[in-house]
Structures are given as C-alpha cells and as structure tokens.
Amino acid sequence: MSRADHAPPITAVLGPTNTGKTHLAVERMCGHSSGMIGFPLRLLAREVYDRVVKLKGASRVALITGEEKIVPKDARWFLCTAESMPLNRDLAFVGIDEAQLGADSERGHVFTDRLLRARGREETMILGSEALRPMLKALVPEADIQNRPRFSTLSYAGAKKISRLPKRSAIVAFSAEEVYAVAEMLRRLRGGAAVVMGALSPRTRNAQVAMFQAGEVDYLVATDAIGMGLNMDVAHVAFASLNKFDGHRQRRLTVAEMAQIAGRAGRHQRDGTFGALVEQGPGAFMPEEVLAIEEHRFPRLDFLYWRDGEPDLSSIDDLIAALEARPGNRALRAAPEAVDLAVLKRLAGEDWVRDRVRSPAMVARLWAACGLPDFRKLGVDPHARFVGRVFGHLSEGSGHIPHQWFADEITRLDTVAGDVETLAGRIAAARSWAYIANRPDWLADPAHWAGRAGEVEERLSDALHLGLTQRFVDKRTTMLLRQIGADTRALPVVIGEQGEVMVEDHPIGRLDGFRFIVAPDARHGDKRLLLAAAERRLGDERARRGAALAGADDAALSLVADIRSKPLLTWNGLTVAALVAGPSLVRPRVKLDPALDCLDSAMRTKIATRLDRWIADQTRSRLPALVQLDAAARDAAASPALRAVSAALVDRAGLAARIDLQVAVDGLDPAARKRLRAIGITIGALDLFDPRLLKPAAALWRRALLAARTGTVIAEGPPDAATVLARGTPGATLESGYRQIATQAVRIDLVERIARAAHDARAGRRPFTPDPALATSIGVAPATLERLMAGLGFRAAPPENDRPRWIWRGQTRAKVVPPPRDNAFSALADLALFRG
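Residues numbered from 1 in each chain as written. Predicted model: local features only at pLDDT ≥ 70, side-chain atom pairs only at ≥ 80, totals over all residues. Heavy atoms only, no water.

**Examining the pattern of salt bridges**
Threshold: A carboxyl oxygen of Asp or Glu within 4 Å of a side-chain nitrogen of Lys or Arg is what we treat as a salt bridge. Only runs of H or I of at least four residues qualify as helices and only runs of E of at least two qualify as strands under DSSP, and these elements are numbered from the N terminus.
According to the stated counting rule, one finds 51 salt bridges in the structure shown. The residue Arg270 makes a salt bridge to Asp233 at a minimum N-O spacing of 2.1 Å. With Arg270 in the loop between helix H7 (255–262) and strand E16 (272–276) and Asp233 in the loop between strand E12 (219–222) and strand E13 (236–239), this pair connects stretches of sequence that are 37 residues apart. Among the salt bridges present, the one from Asp687 reaches Arg739, with a minimum N-O distance of 2.4 Å. Of this pair, Asp687 sits in strand E29 (residues 687–689) while Arg739 sits in strand E31 (residues 738–741), and the two are 52 residues apart along the sequence. In this structure, a network of salt bridges that share partners links the residues Arg42, Arg46, Asp50, Glu67, Glu68, Arg431 and Glu457.

**Things to note about unusual backbone geometry**
Condition: Exposure classes here rest on a 1.4 Å probe applied to the protein chains alone. A residue is buried below 20% of its type maximum, exposed above 50%, and partly exposed in between.
One non-glycine residue, His296, lies in the positive phi region at around 55°. The class of His296 is partly exposed, set by a relative accessible area of 28%.

**Describing the sheet that holds strand E2 (residues 35–39)**
Put simply, the rule is: Should DSSP find at least two bridges between two strands, the strands are regarded as paired.
The strand order across the open sheet formed by eight strands is E4-E3-E5-E2-E6-E7-E1-E8, and the pairing between neighbours is mixed. Only two strands of the sheet have a single partner each, and these edge strands are strand E4 (69–70) and strand E8 (144–147).

**What to know about the confidence of the model for the chain**
Which entries qualify depends on this criterion: pLDDT is a residue-level measure of predictor confidence that goes from 0 to 100. For this analysis, residues touch if any pair of their heavy atoms sits within 4.5 Å.
Of the residues in the chain, 90% have a pLDDT of 70 or more, and the chain-wide mean is 86. Taken together, the stretch residues 476–488 has pLDDT below 50 and engages in 31 contacts with residues farther than four places along the chain or on a different chain. Contacts from residues 811–836, a stretch scored under 50 in pLDDT, to residues over four places away or in other chains number 62 contacts.

**Considerations on the packing of aromatic side chains**
Note the following rule: Working definition: rings of Phe, Tyr and Trp (its six-membered ring) pair if their centres are within 6.5 Å, and the pair is stacked with planes under 30 degrees apart, edge-to-face with planes over 60 apart, and tilted otherwise.
This model, assessed by the stated rule, comprises 16 aromatic pairs. With centroids separated by 5.2 Å and ring planes inclined at 90°, the aromatic side chains of Phe239 and Phe285 adopt a geometry described as edge-to-face. Taken together, the residues span a long stretch of sequence, with Phe239 in strand E13 and Phe285 in the loop between E16 and helix H8 (287–295) at a distance of 46 residues. Across the pair, exposure class does not vary: Phe239 and Phe285 are buried alike. Relative to Tyr305, the ring of Phe303 has its centre 5.1 Å away and its plane inclined at 80°; by these criteria the two rings are edge-to-face. Side by side, Phe303 and Tyr305 carry an identical accessibility label, which is buried. Aromatic rings pair up to connect Phe386, Trp405, Phe406, Trp433 and Trp449 into one cluster.

Here you go:
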C-alpha cells in the first residue's frame, strides 16, 4: 500500500456565498479533538471565535490575530487570521477560508502558502469559490473537491436611489470618505444607518451590527469587508460604486468580487437581491455581469500568487533573494512586492541594520519586525522609519522595546475626544501597539502591555461607536412625533407580521403578545405619547388575538413546568396565565397574566374558561388516578373510609404513607379496596400510591400542581428513572415517591416489591434467607435492607453460610417492639404488617 493511502483526507468545499461553507468547517473542526481555521479578516476570526467559545468553553478555544492573542494553556481549537496561523502545531483539523484570495495581489501569497503547507493530522478543509477549482487540481491534486450550491436565490433588483432602497439594505462603498457620505445621506433621507468597515475594531463593528440587527436602523453602509462571510441579516445589497483602489490603481471590480459582496444578501433559504444606485455610467452593472452573478458563473483562476513561506534566514541578502524567488510551478506567479518586503529592502540599505544583523536569529528578528502591518496606511517610507525604530530596540540591550516609549504612545492615544475620523485614526495606531504587545519576546512584560493596549482600543471603540451613532443615526421616533405634534390621534399606527408597530414605516415599538413595548430609543417624554397612541390604536389587534386565544387548539397551549419557576400557561410560547390554588389539588384555578388586562371582561372570561377546560383535560389525561380519587372523595354513596383515603391521597398528590392513613385503611371494606385497585392505587405494606405517578412526565405534572396550590416555585425532582438516591438528594422525599431508609431513599414501588418478595419467601416462623438479587439489582445497600426488613416485621436470625437470615415475628401491631428510634423510619415498625 502506498504512503498516499495513509495520507489524511483533504476536502475542498467550493461554491458561492450563502452556502454555509464556514459553518460546515466550524462543525467539522469541533468534531475533532483539536483544530484550527485561518480566516481572511480579524473581524471574522473574532466572530467565529465567539461562536466556538459557546460550544467548547473559553478555556479550550484560542484566538490569534495580529493585534489580539487569547491562548489558554489548554487550548485545542484555534481561530486565526491567515497570516497568524501557527503552522508548527500538530492539530487534528486545519481549515483555510476564502482560499481564492491566493489571487489577491497584496495578500495572495499568504493564502497560497497556507493552501500548500497547512495540513491537519486527520483532516484538512479548503473553502473557496468555484473559481479556485483549476488551481486546486493543479496544486492539490489529492483534494476531494465538493460543490455546495447557494441555499437561496440571488437576483438583480435594478438600480434604486438611496431614498427608495428597501429596508434591511446594505450599501457598499470602497473608501472611508464614500462610506461616510452615503451614511450621511441615509441619515437625512431615511433616519440613519450603521457603519461597518474593515478598519473598525471588532468591538465597534459588533456594536454597529447589533444596532442594525436589532432594527434600530434599517440600513447598513459598509466596505467590501462584508463580502468575507461576516454574519448579517441583509436582504438587499446596493453598490454605491463598482470601482475601487486596490493599493496600486483605481480599477473596476471583477465579477467574482461583485458576486462575493452581492452574495451577502439573503440568509440561508431566504432569497436576496442586489443592485446599484445608478442606472447608467461606470457605477452601473452590465448585463453580462448581472447574468454571471445570478447564475454563479465566473472566470476560473489560472494562477495564484506565491512567495516562499519558509525563506532562507542565513543573511539579509539570502532572505531577500528567497522572498523574490520565482515559483517553479506554472500555476504559481511570483507575488508583487508587499509592504513587508519593501520595508525590509529599505532597512537592508542602512549600515547600522547590517551591522546588527549578522546571525540567522537576528535575520529572523528583523523579518519579524518588517511584518508589523501598516495599520495607519502611512506608506512605505514612513512605515519603514517606524519599523526601523522598533527593530533598533529589538536588536540592542535586552532586546526589548522600552516600556516608557510604549507607555507614552499608548497614553497619547488614550483620549476619546475628537470626531469620527480622529477616533478611527487613533484606533489604527492602537492596533500597531497591540500587534507589538502580542509578540511574545518584544516586551519585558507583554501580557501587561497587551491588556493595556486592549483597554485603550476598547475605550476608543466605544467612543467611535457612539460617534458613528450620533453622526449617522437620528432619533426617528422623537423627530416624527415633533413633526406631528402631541395629538396622538394623528399617528397612523400599523402592525407588522412580527408584531412591529410602525408609524409611516418608522418603528416606534412592538406588540409582544398583548403588551406594547416602546422602542428603546424613544425619549422618556415621548414614551407617554407613544403608549397613548398605541393603547388607542391597538385595541382591534388585541381583541383579535384575544379571540384567537379563547379558541386556541390544545396543541397551541402548554404548561411551563420548569424547576425554580412557578407553573405558567403559555399560548404559542407567550405566557398568558399562571396556575394558582383551587378547590382541590386537581382542580387548580387559572389566573390570567396582567398583560391581558387590556381586554374587556367578557373576553377575559372566555379565555379563562378555555384555559380551565384545557387544564382539566390535561389533568384527566396525565393524572387519571388523582381525578378519579377526587371524584371518590366527593361521592356521597362511597363509604366514609373510602372518602377519607381518597381525599388524603388527593391532598398528597397520590402518594401517602400507610401509617398516616392506617385507621382509614383498616376501615376499608372489600368493595372499597376493589374500587381503589380499579383506580390504580396500590395499598402497600408501607405506602399507598399509583405507580404511574412515579413516571417522569406524571411526576413533573404532580409537582406543578403542588406548586400551584402553595404558590411557590416548582420543586426540583429526582433524576428520571432513579431507583435509589442518597439521602439529601433533591427529590429524595416521600412527596416525590422515595422512602428514606438508613442512608438511602428507595422508590416506594421498589420498597413494596422487596416487601412482597420477602413475604413470599418466608416459611411460617422458621428462619429463611431472602433472595438478595432483587435488592442488589435495585441498588439497595445491606444496611438499608436490614433496616427495611426490621421495619417490615422481621427480626434477624443467626446467619447461615455467612448469609443473613430472618424470622417473621408475626405479632400483632400492639405487641411489636419497635427498634431504637434513631431515625424517622424506625417509627413505622409497629405498623408494618402485610395488609391489603
């Protein structure tokens, strides 16, 4: 068998956007014992990190980007930017996202290197667009290439002016200036917009997206960063332009780039649309572009950019030669000179740099310093001077950057004064210092300074979010009310399908069931006006919902019987009533939720009647014995003893100690006993009970009725199907069907089974040895069994062959000598004869 037969599988999943490729990779990674995925954006890595932390826990998930490093000591799953992937780790799964970026002139060589070298011990997954297929066949021929179609349809909606864009639209621009201009126009025309750009910190980006997702704004203005899988609920993508500056020249987007961005419209199986803001000119789509995007047909890639991922570090000249070397594969093309290489060449021309770089270790340190990204977009020469200063400190003395310089620069940035552009510039500068702090050997105390840089970035991010919101979002409800005036009757209230309450397409709140909730961005003084308008105009909708509740099907109603909460009734998930004490345990009363006070009394009566009928039907179905016992307790034709036993059993939810009912049980005649057996009641040696009530579903319903009677929260019950519990375990009580014996609590039906077995095994008054298998199979300890046998009327006899033996005492109750009363169970011995 060849070595290739043992190679771990490599799977390539290709397809357009909205295919769930990233979600699939995350699922596959989490299914392995360890794993790593490299992403194109820090924002996307952070988003997936947060998702995996919820699945695996923060102590086992790592995030590694240039400016942020969270690596717990027990980390097993790593979410990284492509540049920051630690390829020296032995991990079961490795994934590369958006691998088609290998054709990007600026970062392509990084993705190509990961495509060629990043491998998982058990599985490798490559995600990308269909255009990558020929490159995979040429460079990774062993890969199993799979295609995933888009979940929903993406269609062209034509050109629309900003004032006519549909809600849940994202407008894409390709410069900060253009983003701000579009957002300002949306503020004036449609009330506001959220802003998302790749240069934003994850904190600012998440705050802006949360505002859009929550419906506080209906529009989002973004750069092409949203095309890289960021998770947003967008229905329509509008292009403000179809040209971008790619770092070298202004050019038109490729069809693949257009599709990558347009594909963010639609979620899962919900269709999306795309379009432009102009009908003609360079900003408009051409028919062939529209057709290609709708049918997901794009030109295949015929090369990827490459640069040596493990260059020769023998000397500066060897390093530069390796980085400028040409690939030997036809499918690869030498990468254009990137910023890090341009900085390296400039520093290589400095005599002081060459004097200090005389060993491979120092060459590696210089190359690491050149990798410091130009977050501030200063250009090669200013950035090279900054990197030179950093390397100067790294190559002298202790090899650490002076903490005073770091502290002074961070302090200088730690101010939230200024406009949006100023704050964005400070965040970009803070990212440089965060990158430095996250190098393990560049500072004497990197953990401290990484935390300090993170704090500054967080404060600046919060200030930037506030600044963006203040600049590009109006308080629409307040403005609308000011235009209309204080006369709430002039407000045309409309209710959407999801309960959103709108005035002239502006959301002012939502109707959650029967309760109107004012929009959170409404000022305190305006809330009274909105409430008054809603109360006056929403009466018809509430009446319609009330009628639907009064006629609800059984399937739409449910009892919420969660522990540590009071028993509640819900209608399609909405809380509409609570269970409270009634005439008896099985006849509780329904108390309507205060939110239903908005309905008239006749409607509330109809709803209460419907809920009462549902509770009665459910109780009859789930707890039939209790319902029949309740009827027997009120049956004038029944004997007094039967009525007394029935009432007591109902009061105790169908489970009662025989000692407490002994007088009444003794008074039962054969007909009464037969009726109890027909109901399902077992008259045991120690307890009276219906075995069906011990099943988990019935037991939970019982606890709900008991909580309703006492007005308390539902008690925690025993684990499902438990036979024996340790004393003190939640639910280890007779009320839950467990009898406490010695240090254990044994389920009462099993106590009865042991008692019956012992009684059947005895031979008159001669010593006998009961079969220990039954007690052992149940989990009853020897000490528990000994105490139980004594309580059942047996006394210990001399053992035979080391096996315990017992003698039936057979005394009447009055003559029984009880064992020492060292626990509550001992008191049962004088009444524990086999009767009934």
